[in-house]
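Examining the three-dimensional arrangement
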Amino acid sequence: MKDYLTPLLLQKETVSKLNEIETRLKYESVVLEETNTDTIIFVPSERCNLHCKYCYEVSKNPFRMDIEIAKSALRTAFSELQAGKRLKIEFRGGEPFLEFDFIKNLCEWVIQNYKEQNFFFYAVTNGTCFSDEAKLWLSKHKEIFMAPLSIDGAKSTQDSNRSNSFDLIDFDFILRTWENAYTYTTIIPERAEDVFEDLLFLIEKGFTIRANFEFAQLWSEQQLEDLSIGLRKLADYVLDNNLHNRLNLFSRYGFLDYDLKDNIENRKFFVPCNAGKHRKIIAADGRTYPCHTLVPSCFNHYGEEYAEQLFEKLRIEEINSNECCKCKFFHLCYICVGFSYSYAKDFKWRNKSFCDITRIRTFIAAYYWGNKLMKSQKILSDDEKMLAKKVVELYGGEKIYE
């Protein structure tokens, strides 16, 4: 067993008691289900006011999108939208709200012309560029426009990672406008020892947190251990203080698909994020790509390799290696195949640290739910009984107490 998993072990007595819980339910994975949302992403421009240390857009181009290109793409998207589905219309940058006029004009055009369609708007923002006009408009449309905040934690980490931007973030507006405001939070190796303080800060602010890990850097054994200790400390704090769980790393779905029995051969072509299938991005220059990690500004600029080639590559090439396909954690892995291709020109490239990160993510979710179920003062529901069995399956399958 990896030493960095030691902080995430449940007590043997806890696992034994969870194993005594009886249930006739069998967990059915939803990982292979079709999404009910199609996503179209627009990049009005690649301008940004920050210089984040892990930014993957290394060769920003100067183009600014012609709104007529966006309208044409939306006409097609709405015409192809199947009954019962909704369209997610997303804006990216750079920082999207540097192009607020573009966003406002396009959104109002959609609202006026597609009233009967099911759609919503979305823009991940660094929270530093809201004009007064943008605030008024977003407040008016907050039911159909979501703007998650990209922030990495408390002031020290945020300023270190993201260009001393902490004091520029309009927390008051974001939390006042969106009742269920949430973040995109990137955890990097060099800030591993601060993960408890960073995530607790966001929880106490009132955010729901979608924590991810920077895709390229390698993690040392010490950094992995620091991460595990910090996440365990946070799980204990949330449980001991009966706080509402606001962290995706504590999600029940973080461990349920452990050792999922499905066709391993099919895994070679499995794209978990539906890039190129249910999502595409229109870059600032008007060209179309399968996702935002495959536009020319990301890592290696690949010149004339346009949409048709990339969409075809995603359709016919093997996405995952034999080693990955045989892994018990396959459907729990959060690797980005678009990042892999942009970074190494190979969908199958993997940062080996993500094997460790995936195990930590899996065990912290199981640790949280194992302890939560044992603390329960009520009779467990059928759903909770199923969770208990899956916790036992993980801990037993990995033979971590031997």
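First things first, this report covers the structure right here in the doc.

Time to look at the overall build of the protein. Counting its secondary structure elements, the protein contains 14 helices and nine strands. Scaling as 2.2 N^0.38, a compact globule of 402 residues should have a C-alpha radius of gyration of about 21 Å, and the protein matches this with 22 Å. Along the first, second and third principal axes, the C-alpha set of the protein runs to 65 × 45 × 45 Å. Counting every position in the protein, which comprises 402 residues, the buried fraction comes to 52%. Counting only contacts in the protein whose residues sit at least 6 apart along the sequence, the fraction spanning at least 24 positions is 80%. When the accessible surface of the protein is summed, it comes to about 19,100 Å², and 47% of that surface belongs to carbon and sulfur atoms.

As a further point, take helix α2 (residues 67-80). Here α2 is 14 residues long and its end C-alpha atoms lie 20 Å apart, about the 20 Å a rise of 1.5 Å per residue gives. All of the buried residues along α2 are Ile67, Ala70, Lys71, Ala73, Leu74, Ala77 and Phe78. Buried residues in α2, looked at end-on, bunch into an arc of 165°, giving them a common side. Across α2 from its buried face, at more than 90 degrees, point the exposed residues Ser79 and Glu80.

The subject of this paragraph is the side chain of Ser297. Along the polypeptide, Ser297 turns up in the loop between β9 (288-289) and α10 (307-316). Apart from the residues within four sequence positions on either side, Ser297 is in contact with Glu46, Tyr56, Glu57, Val58, Ser59 and Lys60.

Now for the nonpolar core. Counting 100 residues, the largest nonpolar core has Phe42, Leu74, Ile89, Phe91, Phe97, Phe145 and Tyr395 as its most contacted members. Residue contributions to this core peak at eleven residues, all from helix α13 (residues 353-375). Discounting residues that sit within four places of it in the chain, Leu74 has contacts with Ile40, Phe42, Leu87, Ile89, Leu106, Trp109 and Val110. Membership of the second largest hydrophobic core comes to 18 residues, among which are Val43, Tyr289, Val337 and Phe347.

So, about the packing of helix α8 (residues 221-240) against α13. Two elements in contact, α8 and α13, have axes separated by 10 Å at closest approach and are oriented at 20°. Classed by the angle they form, the pair α8 and α13 counts as roughly parallel. Once α8 is placed against α13, the crossing between them reads as right-handed. On α13, the residues that touch Leu224, Leu227, Ser228, Leu231, Arg232, Ala235, Asp236, Val238, Leu239 and Asp240 of α8 are Asp356, Ile357, Ile360, Ile364, Tyr367, Tyr368, Asn371, Lys372 and Lys375.

So, on to the sheet that holds strand β5 (residues 149-150). One open sheet holds the three strands; their spatial order is β5-β6-β7, and the pairing between them is parallel. Edge positions in the sheet fall to β5 and β7 (208-213), since each of these pairs with one other strand and no more. Against the sheet, helix α7 (residues 195-205) contacts β6 (182-187) and β7, and its axis sits at roughly 175° relative to β6.

Below, the discussion takes up the pairing of strand β3 (residues 119-123). Burial analysis of β3 places five of its five residues in the buried class, the great majority of the element. Here β3 shows no split at all, with Phe119, Phe121 and Ala123 on one side and Phe120 and Tyr122 on the other all buried. Bridge count for strand β2 (residues 86-91) against β3 is five bridges, and the pairing is parallel. In the sheet register, Ile89 faces β3, and the bridge partner there is Phe121. Alignment of β3 against strand β4 (residues 145-146), held across two bridges, turns out to be parallel. Along β4, the bridge assignment pairs Phe121 with Phe145. Regarding the hand of the β-α-β motif, the stretch spanning β3, helix α4 (residues 132-140) and β4 is right-handed.

So, on to the environment of Arg359. Structurally, Arg359 is set in helix α13. In sequence terms Arg359 and Tyr184 are 175 residues apart; their C-alpha atoms lie 21 Å from each other. Setting aside anything within four residues of it in sequence, one finds Arg359 in contact with Tyr4, Leu5 and Phe329.

Okay, the packing of aromatic side chains next. Scanning the entire structure with this criterion turns up 31 aromatic pairs. Aromatic pair Phe100 and Trp137: ring centres 6.0 Å apart, planes at 75°, arrangement edge-to-face. Taken together, the positions of Phe100 in helix α3 (residues 100-113) and Trp137 in helix α4 put the pair 37 residues apart, joining distant regions of the chain. Across the pair, Trp137 and Phe100 agree in class, each one buried. One cation-aromatic arrangement involves Lys88 over Tyr122; the distance from NZ or CZ to the ring centre is 3.8 Å.

The rules behind the values
- Residues numbered from 1 in each chain as written.
- Predicted model: local features only at pLDDT ≥ 70, side-chain atom pairs only at ≥ 80, totals over all residues.
- Heavy atoms only, no water.
- Helix = DSSP H or I, 4+ residues; strand = E, 2+ residues; numbered from the N terminus.
- Rg over C-alpha atoms; globule rule 2.2 N^0.38 Å.
- Buried < 20%, exposed > 50% of the residue type's maximum accessible area, 1.4 Å probe, protein only.
- Contact = heavy atoms within 4.5 Å.
- Areas by Shrake-Rupley, 256 points an atom, 1.4 Å probe, with all protein chains shown as cover.
- Expected span 1.5 Å × (residues − 1).
- Arc of directions from axis to C-beta.
- Core = buried A, V, L, I, M, F, W, Y, C linked by side-chain atoms within 4.5 Å.
- Axes fitted to C-alpha atoms, helices over the stretch in contact; angles between N-to-C directions.
- Parallel < 35°, antiparallel > 145°, perpendicular 65-115°, else oblique.
- Left-handed = near helix turned anticlockwise from the far one by under 90°.
- Pairing = 2+ DSSP bridges.
- Right-handed = clockwise from strand over helix to strand, strands pointing away.
- Phe/Tyr/Trp six-rings, centres within 6.5 Å; stacked < 30°, edge-to-face > 60°.
- Lys NZ or Arg CZ within 6 Å of the ring centre and 35° of its normal.

Any link to function would need more than the numbers given here.
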